[in-house]
Amino acid sequence: MNYKTNIKYRKEVLKKLLNIIIIHENEIIQALYDDFKKPAFEAVLTETNYVITELKDTIKNIKKWGKPKMVLPSIVNFPSLDYVYKEPYGKVLIIAPWNYPFQLALCPLVSAIAAGNQVVLKPSELTPHTSAVITKIITKTFAVNHVEVIEGGIEVSQRLLAKRWDYIFFTGSVPVGKIVAKAAAANLTPVTLELGGKNPCIIHETANLKLAAKRIVWGKFINAGQTCIAPDYLLVHNDIKTEFVEFLKKEITLAYSAKPETSPDFARIINSKNWARLVQMIEPEKVIFGGQTNEPTQYIAPTLIEETELDTPIMKEEIFGPLLPILSYKSDADLHTIISRYEKPLSLYVFTKNNVFAEKIIQDYSFGGGCINDTVIHFSNKRLPFGGVGHSGIGAYHGKLSFDTFSHKKAIVKKAYWLDLPMRYAPYKDKLTTIKKLLKWV
Ligand code: NAD
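Residue positions within a chain follow its written sequence, with the count starting from 1. Local features are withheld for residues below a pLDDT of 70 in this predicted model, meaning they are given only at 70 or higher, and side-chain atom pairs are given and counted only at 80 or more; totals for whole chains, interfaces and linings count all residues. Think of the side-chain values as coming from all heavy atoms in the structure, minus any hydrogens and water.

Looking at an unreviewed UniProt entry, one finds the protein named Aldehyde dehydrogenase and attributed to Flavobacterium sp. WC2409. Taken from UniProt, the Sequence similarities (unreviewed entry) comment for the protein reads in full: "Belongs to the aldehyde dehydrogenase family." UniProt positions are given in the numbering used here, feature names are shortened, and annotations may be inferred rather than shown by experiment.

Rendered as structure tokens:
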């Protein structure tokens, strides 16, 4: 079957994928738990259900998204009919990270298939249980020359990157993003790079402090802080800082109890390397809440850290764990000094009742996307583009934009024979004045 041209076939195979995922949903949830104790609720909300919803939306709209789109013709070409055709790129390589190992592998795959491509998917080696279920699901759904899963670590990834692809979709860290970009450049292969960064979260003095604390605690500690769009650090207005910290402490306890280690709703750090990386970021004298760690279980408590400096380990790189540094600010200038010290972040959050302030932040800073008075949830609207800018990424996806990401947009002008205006043809003698007038008019 020609999946490149046959949209009906693509739709059928996506329906098959949907059914197989639904059949294996419990297995996926179990694999995510086995990999890093991801709570079932979070697995459904952020992984299986997310993919199922994306699949349903794609199946519903694939015909419409794949159709040539008529656009208004240019008067200079009169008479013509103008179209944008969507053409699959061809062979697509998708490299996925471990933190949302099912969703971040499957969502790009669904769109790449919908757009008519062949796919090789390399899931993360750090979540072997989930990668095994992905392989099983894909093998049951697709012919191997249509979609293939190749499991493995850095070496496998580099071997794949050394080959020539028609498109590469990478989700992961900034340093590896640079390696991917370099490999792609060798063959002028287009890329989407979904990367990370240090995401600021500003709490203005007008914010609803209780609700802000609740929403920040949820967005920061879901997946144990191992979320690319989690707030990385807080910038709290000096006047409300003490009160706000108390709200944060209360919300952490409400969510995960006084002993988060025993909570079924709090995940673990993915591996001992990341656990050690995070532990060395903790300066005990700055811990104002939490701070407990347990190496054998790779546990780190939801931790609040009072921070005043920017040269400390925790403020140097993306945290990607359940440590939340709290800095204070007094003026817009303080905000500027801190935020502009880092590369453009993937997300930025503002909690305020002052619309002028919120609008100013949106206008003043460049970042991938974000929320006013919430965290993380912009990810869930398929009508919003999801992606970074500068060092936090290249390109964006979700919903129809994902289909477009994996399609080359081919411009076609269909010209009629019934009229052929002579003006553009040589010899140009005596035509210059007329063409200048005409071009002014169009
Ligand atoms: P990572 O960059 O270490 O790994 C991602 C993938 O690249 C894995 O499949 C891995 O096998 C492969 N890889 C690792 N090192 C490589 C190398 N040297 N050469 C070639 N391939 C290599 O990232 P991670 O630890 O899996 O994920 C965490 C990072 O991903 C964080 O920085 C986070 O912000 C980012 N992230 C971004 C998004 C997003 O949508 N923007 C989503 C999730 C995670």
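This part takes up the UniProt feature "active site" (unreviewed entry) in the protein. Mapped onto this numbering, the UniProt entry gives "active site" (unreviewed entry) at E194 and C228. Annotated residues spanning 35 residues; largest pairwise C-alpha distance 9.2 Å, indicating a single compact cluster. A helix here means a DSSP run of H or I that spans at least four residues, while a strand means a run of E at least two residues long, and both kinds are numbered starting from the N terminus. Residue position: E194 is located in strand 7 (residues 191-194). Contact between two residues is taken to exist if any of their heavy atoms lie within 4.5 Å; hydrogens are not considered. Those residues within four positions of E194 in sequence are excluded, and the remaining contacts are F169, F170, T171, G172, F386, G387, S392, G395, A396 and Y397. Mapped onto the elements of the fold, C228 is located in the loop between helix 8 (209-221) and strand 9 (233-237). Per-residue accessibility, obtained with a 1.4 Å probe over protein chains only, is compared with the maximum for each type, and a residue is labelled buried under 20%, exposed over 50%, and partly exposed between these values. Under the relative-accessibility criterion, C228 is labelled buried at 18%.

It is worth spelling out the site of the ligand at this point. Near the ligand there are 27 residues, and of these E125, S157, S173, L195 and E318 occur at the shortest range. At 3.5 Å from a nitrogen atom of the ligand is found a main-chain nitrogen or oxygen belonging to E194. Sorting the residues of the shell around the ligand by element identifies helix 6 (154-161), strand 6 (167-171) and helix 7 (174-186) as the ones contributing at least two each. At four residues, the largest contribution of residues to the shell around the ligand is made by helix 6. When residues are sorted by character, Ala, Val, Leu, Ile, Met, Phe, Trp, Tyr, Cys and Pro go into the nonpolar class, Asp, Glu, Lys and Arg into the charged class, and all the rest, Gly among them, into the polar class. Across the shell around the ligand, the residue classes break down as 15 nonpolar, eight polar and four charged. How far each domain reaches was decided by an automatic or database domain assignment. Viewed by domain, the shell around the ligand spans two of them, domain 1 (7-195 + 389-409) and domain 2 (200-380), each represented by three or more residues. When at least one non-hydrogen atom of a residue lies within 4 Å of a molecule or strand, that residue is treated as near it. Here a polar contact means two N or O atoms within 3.5 Å. Within protein one must be a hydrogen donor candidate and the other an acceptor candidate, and residues neighboring in sequence count only if both atoms are side-chain atoms.

It is worth spelling out the sheet that holds strand 4 (residues 118-122) at this point. In short, DSSP must find at least two bridges between two strands for them to pair. Here we have six strands laid out as an open sheet, ordered 5-4-3-6-7-17, and mixed in their pairing. Of all the strands in the sheet, just strand 5 (147-149) and strand 17 (393-394) have a single pairing partner and so form its edges. Of the pairings in the sheet, the one linking strand 3 (residues 91-95) to strand 6 comprises four bridges and is parallel in character. Bridge pairing in strand 6 places I94 opposite F169. As a rule, the C-alpha atoms of each element are fitted with a line to give its axis, helices using only the stretch in contact, and angles between N-to-C directions run from 0 to 180 degrees. Relative to strand 6, helix 7 is tilted by about 175°, and along the sheet it contacts strand 6 and strand 7.

According to the domain assignment, the protein consists of domain 1 (7-195 + 389-409) and domain 2 (200-380). A straight line from the C-alpha centre of domain 1 to that of domain 2 covers 29 Å. Taken together, the contact pairs 21 residues of domain 1 with 23 residues of domain 2. Values labelled buried area give the accessible surface lost by two parts on being combined, using a 1.4 Å probe and summing over both. Both sides together, the interface formed by domain 1 and domain 2 hides about 1,900 Å², and carbon and sulfur atoms give 62% of it. It is F36, W98 and V389 that lose the most area in domain 1 upon contact with domain 2, and together they represent 26% of the buried surface on that side. Think of a salt bridge as a Lys or Arg side-chain nitrogen and an Asp or Glu carboxyl oxygen that are within 4 Å of each other. Our count for the domain 1 to domain 2 interface comes out at zero salt bridges. Between domain 1 and domain 2 we count 10 residue pairs in polar contact (both at pLDDT 80 or more) in total. At the level of secondary structure, the elements contributing two or more residues to the side of domain 1 that touches domain 2 comprise helix 2 (25-36) and helix 3 (40-66). A total of four residues in the side of domain 1 that touches domain 2 trace back to one element, the largest contributor, which is helix 3. The residue inventory of the side of domain 1 that touches domain 2, partitioned by class, reads nine nonpolar, eight polar and four charged.

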